[in-house]
Amino acid sequence: METETCVAPVLLRCYKCGETKPEDEFHIDRARISGRRNACKVCCAKRQSAYGKNRYASIKDVPGYKEVMNEKCRLRNRKKYATSAEFRQSQIDRSRRRVAELDDIYIKELLGLRTDEVTPELLELKREQMIVARAVKELLNAIKEIQK
Ligand SMILES: [Zn+2]
C-alpha cells in the first residue's frame, strides 16, 4: 500500500487541451507554484511552431515587401556607385565584358524588347548577326590598312 502511493504520478491538467496528464508531460517552470507550466509539452510545441510560421509569413506576406526591399537594395547600390571609384570601375568592366562576350543581357538590350518578348531563338539570331557584323567591320578595317 505504502509503495503504491509513492509511485502514483502527479497529474496535472493542461489549460489548453484540457487533458489530465502526468507531471513529466509538462515543462519545468520554477516560477509557478506547481513547478510546471500550465500547458502540456504537446500544446507548447504546437504553439511554438505556429508562432514560428506566423513570424516567417508576416514578413514575406506583407504586400509590397519585395518591392521595398528591392528599392532599398537599389538605393544602397546607387550610393555605393556614387562613392566608390572601385565599384564604379567594376560596373564598367562588367558592362564591357558583356559587350565583348555578347552575353544575353547585352543582346537583350540591343533588341530593345521586353524580356517576355525575347525568345531563345531570337536571342541566338541577334547574337549571330552581331558576330557577322563584327567580322565584317574587322575585315573592312583590314582592307583599309592594306590600302594605306
Ligand atoms: Zn495540452
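Scroll up to find the structure.
Remember, predicted model here, so these are calculated numbers, not experimental data. (Residues numbered from 1 in each chain as written. Predicted model: local features only at pLDDT ≥ 70, side-chain atom pairs only at ≥ 80, totals over all residues.)

## Examining the overall build of the chain
No. 1: Helix and strand counts for the chain come out as six helices and two strands.
No. 2: Along the chain, helices and strands appear, N-terminal first, in the series α-β-β-α-α-α-α-α.
No. 3: Per-residue burial for the chain yields a buried fraction of 2% across its 148 residues.
No. 4: Of all intrachain contacts in the chain linking residues separated by at least 6 positions in sequence, the fraction that spans at least 24 positions is 15%. (Helix = DSSP H or I, 4+ residues; strand = E, 2+ residues; numbered from the N terminus. Buried ≥ 20, exposed ≤ 12 C-beta atoms within 10 Å, placed from the backbone. Contact = placed C-beta atoms within 7 Å.)

## Observations regarding helix H6 (residues 120–147)
In an α-helix, one turn spans 3.6 residues, which is why side chains three or four residues apart end up on the same side.
No. 1: Spanning 28 residues, H6 covers 41 Å between terminal C-alpha atoms, matching the ideal 40 Å at 1.5 Å per step.
No. 2: Burial analysis of H6 places just zero of its 28 residues in the buried class, a small minority of the element. (Expected span 1.5 Å × (residues − 1).)

## Re the environment of Asp-103
No. 1: Tracing the backbone through its elements, the reader meets Asp-103 in the loop between helix H4 (85–101) and helix H5 (104–111).
No. 2: Taking the C-beta count within 10 Å as the criterion, Asp-103 has 13 such neighbours and is therefore assigned partly exposed.
No. 3: Note: C-alpha distance between Asp-103 and Leu-123 (20 residues apart in sequence) is 9.6 Å.

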